[in-house]
2 protein chains.
Amino acid sequence: MVSDDKGGLATIEAYVASLEARDWDGVDCLLHADVVYELPQTRERITGREGLRAFNTAYPGDWHLGLAEAYADEGAGVARLDWDVTGGETGTAIVFFRFDDGLITRITDWWPEFYDPPPGREHLVERY
Amino acid sequence: MVSDDKGGLATIEAYVASLEARDWDGVDCLLHADVVYELPQTRERITGREGLRAFNTAYPGDWHLGLAEAYADEGAGVARLDWDVTGGETGTAIVFFRFDDGLITRITDWWPEFYDPPPGREHLVERY
């Protein structure tokens, strides 16, 4: 799964495809051994490739990921993912990456949730 | 505030700086007249430059924005912003853009919130 192209976009595409395929060796090949994975909304952190593999393989549900859009340069980038769980929820994930020599050194996952808008601005917006 | 550089990164930088400066004319100069602004988490939408200006100028609180990182090409891009309200909250905003001939045609704002992690994975992560 590892592309010869060391560009960040190719790495992001390979990362999402490997996760979706449950190709855990493929994922590992994209990660620096000391990769840091963070979930800022819950303030959770995992350090190291083995720990992230344990987290990913234990993640519950028949989840699926699709790459909606991505932007990157050699050193960093970001992806917007559409996710769904078979028979369950759907949503958006936004993932920021840092790269070093073609390997992912940092992943920051955001999982924004739906909520009700604050009152008082109904006249300024439409709902969809 | 409008850069001669039609690149997406310059447009993003000018957009954030103009908002932070409350330079509403400067913001307008960056926007297509028919810009579409969406908040997917609340399913709110504003269509048109005038409507977005009305929304922005009515937004409560002494808010401040800083550009943390951004990635873009000619047609689209994304920015991560640190925001705070004087005397109040702080947080992260993630903003996706579409561009046409140097003008912003679409803005999609995500405002991810903190939440408690699901139980059962305490042994796989650390908290920070």
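This text follows the structure it describes.
The structure presented is a predicted model; accordingly, all values stated were derived computationally and were not measured.

1. Describing the overall build of chain A
Looking only at helices and strands, one finds three helices and seven strands in chain A. Ordered by position from the N terminus, the helices and strands of chain A form the series α-α-β-β-α-β-β-β-β-β. For the C-alpha atoms alone, the extent of chain A along its principal axes is close to 50 × 30 × 25 Å. In chain A, which comprises 128 residues, the share counted as buried stands at 47%. Taking all contacts inside chain A whose residues are at least 6 apart in sequence as the whole, residues at least 24 apart take part in 42%. Accessible surface computed for chain A: about 6,200 Å², of which carbon and sulfur atoms make up 50%.

2. Details of the environment of D23 of chain A
Residue and element names in this part refer to chain A. Here D23 lies in the loop between helix 1 (8–20) and helix 2 (24–30). You can call D23 partly exposed: its relative accessible area is 25%. At 2.9 Å, the side chain of D23 forms a polar contact with the backbone nitrogen of G26.

3. Observations regarding unusual backbone geometry
Of note, D101 of chain A is a non-glycine position whose phi angle comes to about 55°, a positive value. Within the fold, D101 of chain A resides in the loop between strand 5 (90–100) and strand 6 (103–110). The phi angle at R43 of chain B is positive, at roughly 55°, despite the residue not being glycine. Turning to its location among the elements, R43 of chain B is positioned in the loop between strand 1 (31–39) and strand 2 (44–47).

4. Describing the packing of aromatic side chains
In the structure shown here, the tally under the stated rule is twelve aromatic pairs over all chains. Ring geometry for Y15 of chain B versus F97 of chain B: centroids 5.3 Å apart, planes at 85°, classification edge-to-face. In this pair, Y15 of chain B sits in helix 1 (residues 8–20) while F97 of chain B sits in strand 5 (residues 90–100), placing the two residues 82 residues apart along the sequence. You can call F97 of chain B buried: its relative accessible area is 1%. We note R45 of chain B situated over the ring of Y128 of chain A; from NZ or CZ to the ring centre the distance is 4.2 Å.

5. With respect to the pairing of strand 4 (residues 76–85) of chain A
Consecutive side chains of a regular strand alternate in pointing toward one face of the sheet and then the other. Residue and element names in this part refer to chain A. Where burial is concerned, most of strand 4 is hidden: seven out of the ten residues are buried. Alignment of strand 3 (residues 63–72) against strand 4, held across nine bridges, turns out to be antiparallel. Bridge pairing in strand 4 links E69 to R80. The turn joining strand 3 and strand 4, which pair antiparallel and follow one another in sequence, is formed by three residues. Here strand 4 runs beside strand 5; their pairing, made up of nine bridges, is antiparallel. Residue pairing in the sheet places A79 in a bridge with V95 of strand 5. As consecutive antiparallel partners, strand 4 and strand 5 are separated by four residues, and within that stretch G87 has a phi angle of approximately 75°, a positive value.

Cut-offs and rules
Residues numbered from 1 in each chain as written. Chains lettered and ligands numbered in written order. Predicted model: local features only at pLDDT ≥ 70, side-chain atom pairs only at ≥ 80, totals over all residues. Heavy atoms only, no water. Helix = DSSP H or I, 4+ residues; strand = E, 2+ residues; numbered from the N terminus. Buried < 20%, exposed > 50% of the residue type's maximum accessible area, 1.4 Å probe, protein only. Contact = heavy atoms within 4.5 Å. Areas by Shrake-Rupley, 256 points an atom, 1.4 Å probe, with all protein chains shown as cover. Polar contact = N/O pair within 3.5 Å; in protein donor to acceptor, adjacent residues only side chain to side chain. Phe/Tyr/Trp six-rings, centres within 6.5 Å; stacked < 30°, edge-to-face > 60°. Lys NZ or Arg CZ within 6 Å of the ring centre and 35° of its normal. Pairing = 2+ DSSP bridges.

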